[in-house]
Amino acid sequence: TIRVSCSKTVVIGVAADSGCGKSTFMRRLTSVLGGGAESPRGGNPNSNTLVSDTATVICLDDYHSLDRAGRKAKGVTALDPRAHDFDLMYEQVRAIKEGRAVEKPVYNHVTGRLDPPELITPPEILVIKGLHPMYDERVRDLLDLSIYLDISNEVKFKWKVQRDMAERGHSLENIRASIEARKPDFDAYIEPQKQYADAVIEVLPTQLIPGPGDDEGKVLRVKLIMKEGVEHFAPVYLFDEGSTVNWIPCGRKLSCSYPGIRFAYGFGTYFGHEVSVVEMDGQFDKLDELIYVETHLSNLSTKFYGEVAQQMLKHADFPGSSNGTGLFQTIVGLKIRDLYEQIVARR
Ligand code: ADP
Ligand code: G6P
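Since this is a predicted model, take the numbers as computed values, not measurements.

Thresholds applied
Residues numbered from 1 in each chain as written. Chains lettered and ligands numbered in written order. Predicted model: local features only at pLDDT ≥ 70, side-chain atom pairs only at ≥ 80, totals over all residues. Heavy atoms only, no water. Helix = DSSP H or I, 4+ residues; strand = E, 2+ residues; numbered from the N terminus. Disulfide = S-S within 2.5 Å. Patch = residues over 30% accessible without salt bridge, like charges linked within 9 Å, V, L, I, M, F, W, Y side chains within 5 Å. Areas by Shrake-Rupley, 256 points an atom, 1.4 Å probe, with all protein chains shown as cover. Salt bridge = Lys/Arg side-chain N within 4 Å of Asp/Glu carboxyl O. Lys, Arg positive; Asp, Glu negative; His and termini not counted. Charge placed at Lys NZ, Arg CZ, Asp CG, Glu CD. Buried < 20%, exposed > 50% of the residue type's maximum accessible area, 1.4 Å probe, protein only. Near = heavy atom within 4 Å. Polar contact = N/O pair within 3.5 Å; in protein donor to acceptor, adjacent residues only side chain to side chain. Domains from an automatic or database assignment. Contact = heavy atoms within 4.5 Å. Buried area = accessible area lost by both parts, 1.4 Å probe. Expected span 1.5 Å × (residues − 1). Nonpolar A, V, L, I, M, F, W, Y, C, P; charged D, E, K, R; others polar. Core = buried A, V, L, I, M, F, W, Y, C linked by side-chain atoms within 4.5 Å. Pairing = 2+ DSSP bridges.

A. How the structure looks around the environment of Leu-290. Along the polypeptide, Leu-290 turns up in helix 7 (residues 290-295). For the pair Leu-290 and Val-278, spaced 12 residues apart in sequence, the C-alpha separation works out to 15 Å.

Structure below.
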């Protein structure tokens, strides 16, 4: 990549609660941006930073002003803004955006304490992911695009149960209690950031299965909500821009087993903003048939026919690859690449 001397880093914010798929989304994004393997920065094996040729992803937990013991002593959760140093976050994100390297703190998730800082040099694209990328107005104003991963409470609970019960041996009651304990702070400090997002990926239980629904929570209804009028970010549409569409692709061209797949496209308002919404409920049986769906979506910002399907197939082992979470994360990745290329082209 050729760097222009006046180049400025493009900054993207990704907000979500922990355990809501941020890391998976980052792996899809760095894959779309291309340029080799991701590797942790510096010598610290507990670094939270991901570096690829084009992008650096930093985790905002690194701006914890209260470490684990400090939070415990003050009775403050990690979701509480009082546990974070927003002044430093703002100064450092601004410095990187202006082309200056910074010594960023490192929060060690194993020890729950701060490790010695690590050097972050300005990349082409800086992604700040974490609990509060859009909380502080100064930081928010530095973002070229902001994304919120909105996992509904029911789905979040099911994902946590799968992970914490199966992999970490926690009890159902403990998992429920820890989610309940976090909820007031989540509602107060994390969720309100949705109103600032240019794109929201909303993950809900399926509507395809009647009655009590899908107990395992494997079948998901996922919406990609895209704000209108955002510079360098043209919303994706299905069939015909500006229309309202309900589409069941199952039939001769796409194999669907129960409960099938349903797409929808339309308009609405989201926190007072005009938005376009593309929705997918259900899951793909055969991932290579996704190309048929891709053909009917426009403004995808792909570089060649079938790029979405190719990315999805390449990472078929990532969580969410057979449903709308993987599909829309991949599409948002392509839109970020496009936004970056448009900004660079204008310099
Ligand atoms: P975060 O970085 O936000 O903590 P991860 O990407 O590490 O989240 O995902 C945490 C866990 O949530 C995964 O290990 C998986 O169990 C579950 N998960 C994430 N995304 C999905 C998805 N799209 N479908 C199903 N489960 C998912
Ligand atoms: C969230 C934060 C982490 C924090 C964790 C648990 O996931 O992102 O930084 O470590 O909560 O918080 P605790 O106070 O139990 O360490």
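B. View of the state of the cysteines. Enumeration over the complete set of coordinates arrives at one disulfide. Between Cys-250 and Cys-256 runs a disulfide, and the two sulfur atoms are separated by 2.1 Å. Judged by the sign of its S-S torsion, about -80°, the bond between Cys-250 and Cys-256 is left-handed. Looking at the unpaired Cys-59, the closest cysteine sulfur is the one in Cys-20, lying at 14 Å.

C. Main features of a negative patch on the surface. On the surface, a cluster of negative charge is made up of Glu-228, Asp-240, Glu-241 and Glu-274. Assignment of secondary structure puts Glu-274 in strand 14 (residues 273-282). Assessed through its relative accessible area of 51%, Glu-274 is described here as exposed.

D. Quick look at the site of ligand 2. Every residue near ligand 2 is listed here: Ser-18, Asp-61, His-64, Arg-68, Arg-71, Ala-78, Tyr-107, His-109, Leu-131 and Arg-182. Ser-18 is positioned such that a nitrogen or oxygen atom in its side chain is 2.9 Å from an oxygen atom of ligand 2. At 3.0 Å, a side-chain N or O of Asp-61 approaches an oxygen atom of ligand 2. Protein burial of ligand 2: of its 380 Å² of free accessible surface, 70% is covered by the chains.

E. Representation of the domain arrangement of the protein. In terms of domains, the protein is made up of domain 1 (1-146) and domain 2 (198-339). Computed over C-alpha atoms, the centres of domain 1 and domain 2 are 27 Å apart. Taken together, the contact pairs 14 residues of domain 1 with 21 residues of domain 2. Buried area between domain 1 and domain 2, summed over both chains or domains, comes out near 1600 Å², and the portion from carbon and sulfur atoms is 65%.

F. Molecular detail of helix 1 (residues 22-33). Relative to the 16 Å expected for 12 residues at 1.5 Å per residue, helix 1 spans 16 Å between its end C-alpha atoms, a close match to the ideal helical length. Those residues of helix 1 that fall on the buried side of the exposure criterion are Lys-22, Thr-24, Phe-25, Met-26, Arg-28, Leu-29, Thr-30, Ser-31, Val-32 and Leu-33. Phi turns positive one or two residues past the end of helix 1, at Gly-34, with a value near 75°.

G. Geometry of the site of ligand 1. Lining the immediate surroundings of ligand 1 are 13 residues, of which Gly-19, Lys-22, Ser-23, Thr-24 and Thr-325 lie closest. Lys-22 places a polar main-chain atom, nitrogen or oxygen, 2.9 Å from an oxygen atom of ligand 1. Starting from 560 Å² of accessible surface for ligand 1 in isolation, the protein chains cover 80%. Residue assignment for the shell around ligand 1 shows that the elements contributing at least two residues are helix 1 and helix 5 (153-166). Per-element accounting of the shell around ligand 1 gives the leading share, three residues, to helix 1. Residues that form the shell around ligand 1 fall into these classes: three nonpolar, seven polar and three charged. Each of two domains, domain 1 (1-146) and domain 2 (198-339), supplies a minimum of three residues to the shell around ligand 1.

H. Focus on the nonpolar core. In terms of nonpolar packing, the biggest core is built from 57 residues, with Ile-12, Ile-147, Phe-263, Phe-284, Leu-327, Phe-328 and Ile-331 touching the most fellow members. The element best represented in this core is helix 9 (residues 324-346), accounting for nine residues. There are two domains that each give this core at least three residues, and those are domain 1 (1-146) and domain 2 (198-339). Excluding residues that lie within four positions of it along the chain, Ile-12 makes contacts with Ile-125, Leu-126, Val-127, Ile-128, Leu-143, Leu-145, Ile-147, Ile-336 and Leu-339.

I. Summary view of the pattern of salt bridges. For the structure shown, the criterion picks out 19 salt bridges. Among the ionic pairs, Arg-346 bridges to Glu-231, the shortest N-O distance being 3.0 Å. Of this pair, Arg-346 sits in helix 9 while Glu-231 sits in the loop between strand 10 (220-227) and strand 11 (237-238), and the two are 115 residues apart along the sequence. Where salt bridges share partners, they join Asp-17, Lys-156 and Arg-182 into one cluster.

J. Focus on the pairing of strand 4 (residues 55-59). Most of strand 4 sits inside the fold, with five of its five residues counted as buried. The side-chain alternation of strand 4 yields two buried faces, one formed by Ala-55, Val-57 and Cys-59 and the other by Thr-56 and Ile-58. Direction of pairing for strand 3 (residues 50-51) relative to strand 4: antiparallel, over a ladder of two bridges. Bridge pairing in strand 4 links Leu-50 to Val-57. In textbook terms, the turn of a hairpin is the stretch between consecutive antiparallel strands, and for strand 3 and strand 4 this stretch comprises three residues. Examined bridge by bridge, strand 4 and strand 7 (residues 125-130) share five bridges and lie parallel to one another. From the neighbouring strand, Cys-59 faces strand 7, where its bridge partner is Lys-129.

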